[in-house]
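Given next are the chains, with one letter for each unit.
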Amino acid sequence: MDFALSDEAQAVYDMAHAFGQAEIAPHARQWEADGTIPKSLWPKLAELGFGGLYVSAQKGGSGLSRLEATLVFEALSHACPSVAAFLSIHNMCAKMIELYGNDDLQARFLPSAIAMERFFSYCLTEPGSGSDAAALKTRAERTNEGYALTGTKAFISGGGYSDAYIVMCRTGENGPRGVSAVIVEDGAPGLSFGGLEDKMGWRSQPTRQVQFDDCQIPAANLLGEEGHGFRYAMAGLDGGRLNIAACSLGAARAALSATLGYMGERKAFGQSIDQFQALQFRLADMEIALEAATVLLRQAAWKLDTGAADATKACAMAKKLVTETGSQVVDQCLQLHGGYGYLADYGIEKLVRDLRVHQILEGTNEIMRLIVARHMLATR
């Protein structure tokens, strides 16, 4: 059993980390204040192949494994987890187009998604359906030209910002079998957006409700087959959970690195505070926790890549453990900075705010426990 990264995987990590430090980290606080990310960033990431991370090379993507993709999100999150997580959403959409789109749909949307000339958002959650996603009410009625959508999506990263949206909607009966997926392009008649949400973290990601009022879309924008949308949505979640865990891991490692530097400079009672044994114990506990989280995350990614029977369980376990560990570590890093950790200048309080939502999205950590328990009971 080899726990080392391959040379290729290490090169992917190093490239993403270098880009993040040069192109994202210097601007992260300003983008948070602005409440948006300049669209000029995305083509730069696309030049590195990050617009279609796990889209196959035959379709113009990078064809990375899920393990390699987690390294990209971990590395970019050293600079800003909000930006890294936003990129993850776009990549999930690009992969869905490759997996389920017909030749016409792929030809129209996939090249511009990979080049990040067209940025995608994902619309599943609604005001009345979060964890119970199959209860969604947004309806798509058949018309002569295609579909007329009516309903509202909530908490949509990129709402009013993105160029296109993959929307889960009801075309049939209640429950998961009545759900389909369609692509709605920005500017479609009947598409509108709510006000900008004032969030705790991820503030550089513009988040709004996405509203459909008899929104007209062509039949050619159906993704895959009618009634299969919920299956498509669930299939993307295992990888999404790994990505969001990787974002927590990268941000927590950045916080711990900054804390080690700070503690070596900060003096109290005649010595630097990294010389106090009680504080050394806290540093050690954080390092141990992050190493354990790293191993579980990479094992889960390996299981997803190899099609292991318990891959979904492994991804749920990793998402739960790594996101909670990440939040605990950045909170402890803030504490070790004392009052300075509470100031925006040091960057730690932003990480505390950004990482908190990772325990909620891509399936709440309560749902992760449910997935694990159900798998245990089914295989006893």
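This section reports on the structure supplied with the text. (Residues numbered from 1 in each chain as written. Predicted model: local features only at pLDDT ≥ 70, side-chain atom pairs only at ≥ 80, totals over all residues. Heavy atoms only, no water.)

### Some words on the overall build of the chain
And step 1. The helix and strand tally for the chain stands at twelve helices and ten strands.
And step 2. Across its three principal directions, the C-alpha atoms of the chain cover 80 × 50 × 40 Å.
And step 3. The buried share of the chain, reckoned over its 380 residues, is 53%.
And step 4. Residue pairs in contact within the chain that sit at least 24 positions apart in sequence constitute 73% of those at least 6 positions apart.
And step 5. Of the roughly 16500 Å² of accessible surface on the chain, a fraction of 53% belongs to carbon and sulfur atoms.
And step 6. Both charge centroids of the chain, one from 34 positive and one from 43 negative side chains, sit 5 Å from each other. (Helix = DSSP H or I, 4+ residues; strand = E, 2+ residues; numbered from the N terminus. Buried < 20%, exposed > 50% of the residue type's maximum accessible area, 1.4 Å probe, protein only. Contact = heavy atoms within 4.5 Å. Areas by Shrake-Rupley, 256 points an atom, 1.4 Å probe, with all protein chains shown as cover. Lys, Arg positive; Asp, Glu negative; His and termini not counted. Charge placed at Lys NZ, Arg CZ, Asp CG, Glu CD.)

### Comments concerning the pairing of strand β7 (residues 207–218)
And step 1. Of the pairings in the sheet, the one linking strand β3 (residues 146–157) to β7 comprises ten bridges and is antiparallel in character. Within the sheet, the bridge partner assigned to G151 lies in β7 and is F212.
And step 2. Both strand β6 (residues 191–193) and β7 contribute to a ladder of three bridges, which runs antiparallel. By the bridge assignment, S192 is partnered in β7 with Q211. (Pairing = 2+ DSSP bridges.)

### Some thoughts on the side chain of E362
And step 1. Secondary-structure assignment places E362 in the loop between α11 (348–356) and α12 (365–378).
And step 2. In this structure E362 is buried but unpaired, with R241 as the nearest side chain of opposite charge at 5.6 Å.
And step 3. Sequence-distant contacts of E362, that is, excluding residues within four places in its chain, are made with L237, G240, R241, I244, K319 and M368. (Salt bridge = Lys/Arg side-chain N within 4 Å of Asp/Glu carboxyl O.)

### Considering the packing of aromatic side chains
And step 1. Here the structure, examined in full by the defined rule, presents twelve aromatic pairs.
And step 2. Centroid distance F119 to Y161: 6.0 Å. Interplanar angle 85 degrees. Geometry classified as edge-to-face. Linking F119 in the loop between α6 (103–114) and β1 (120–123) with Y161 in the loop between β3 and β4 (164–170), this pair joins segments that are 42 residues apart in sequence. Across the pair, Y161 and F119 agree in class, each one buried.
And step 3. With 6.1 Å between their ring centres and 90 degrees between their planes, Y262 and Y346 make a pair best called edge-to-face. Taken together, the residues span a long stretch of sequence, with Y262 in helix α8 (residues 237–265) and Y346 in the loop between α10 (311–337) and α11 at a distance of 84 residues.
And step 4. Look at Y262 and you get buried, because its relative accessible area is 11%.
And step 5. Each residue in the set W42, F86, F119 and Y161 is aromatic and connected to the rest through ring pairs, giving one cluster.
And step 6. The ring of Y161 carries the charged tip of K39 above its face, separated from the ring centre by 4.9 Å.
And step 7. Positioned over the ring face of Y54 is R66, at 3.7 Å from the centre of the ring. (Phe/Tyr/Trp six-rings, centres within 6.5 Å; stacked < 30°, edge-to-face > 60°. Lys NZ or Arg CZ within 6 Å of the ring centre and 35° of its normal.)

### Some points on the side chain of T259
And step 1. Mapped onto the elements, T259 comes out in helix α8.
And step 2. Aside from chain neighbours lying at most four places away, what touches T259 is C333, L336 and H337.

### A few points about unusual backbone geometry
And step 1. Phi angles above zero are rare outside glycine, and M116 is one such case at about 60 degrees.
And step 2. Positionally, M116 belongs in the loop between α6 and β1.

### A few points about a nonpolar patch on the surface
And step 1. Among the surface-exposed residues, M1, F3 and V295 lie close enough to one another that they form a single nonpolar patch of about 430 Å² accessible area.
And step 2. With respect to the helices and strands, the residue V295 is situated in helix α9 (residues 277–306). (Patch = residues over 30% accessible without salt bridge, like charges linked within 9 Å, V, L, I, M, F, W, Y side chains within 5 Å.)

### Quick word on the environment of T171
And step 1. When you line up the elements, T171 lands in the loop between β4 and β5 (179–185).
And step 2. Once the C-alpha coordinates of T171 and Q10 are considered, the two residues, 161 residues apart in sequence, prove to be 45 Å apart.
And step 3. Those residues in contact with T171 that sit more than four places away from it in its chain are R139, A140, Y147, G178, S180, E226 and G227.
And step 4. Polar side-chain contacts of T171 include one of 2.6 Å to the side chain of S180. (Polar contact = N/O pair within 3.5 Å; in protein donor to acceptor, adjacent residues only side chain to side chain.)

### Remarks on the layout of surface pockets
And step 1. Quantified by volume, the largest pocket comes out at close to 1300 Å³.
And step 2. Element by element, the count of residues in the lining of the largest pocket is highest for α12, at five residues.
And step 3. Its residues assigned to classes, the lining of the largest pocket shows 22 nonpolar, eleven polar and eleven charged.
And step 4. Quantified by volume, the second largest pocket comes out at close to 470 Å³. (1 Å grid on protein atoms, 1.4 Å probe; cavity = no way out; pocket = protein on both sides within 12 Å on 5 of 7 lines; lining within 4 Å. Points joined across faces, edges and corners; volume = space filled by probe spheres on them. Nonpolar A, V, L, I, M, F, W, Y, C, P; charged D, E, K, R; others polar.)

### Let's talk about the pattern of salt bridges
And step 1. For the structure on display, the rule yields 17 salt bridges.
And step 2. Across the salt bridge formed by R298 and E74, the nearest N and O atoms sit 3.4 Å from each other. Taken together, the residues R298 in helix α9 and E74 in helix α4 (residues 66–77) connect sequence positions 224 residues apart.
And step 3. The network of salt bridges with common partners includes E32, E349 and R353.

### Describing the nonpolar core
And step 1. The biggest cluster of nonpolar side chains holds 98 residues, and the ones touching the most others in it are W42, Y122, I166 and M168.
And step 2. Setting aside its immediate chain neighbours within four residues, W42 contacts I37, V83, F86, L87, M116, F119 and Y161.
And step 3. By size, the runner-up hydrophobic cluster in this structure holds 17 residues, among which are L149, A188, V210 and I217. (Core = buried A, V, L, I, M, F, W, Y, C linked by side-chain atoms within 4.5 Å.)

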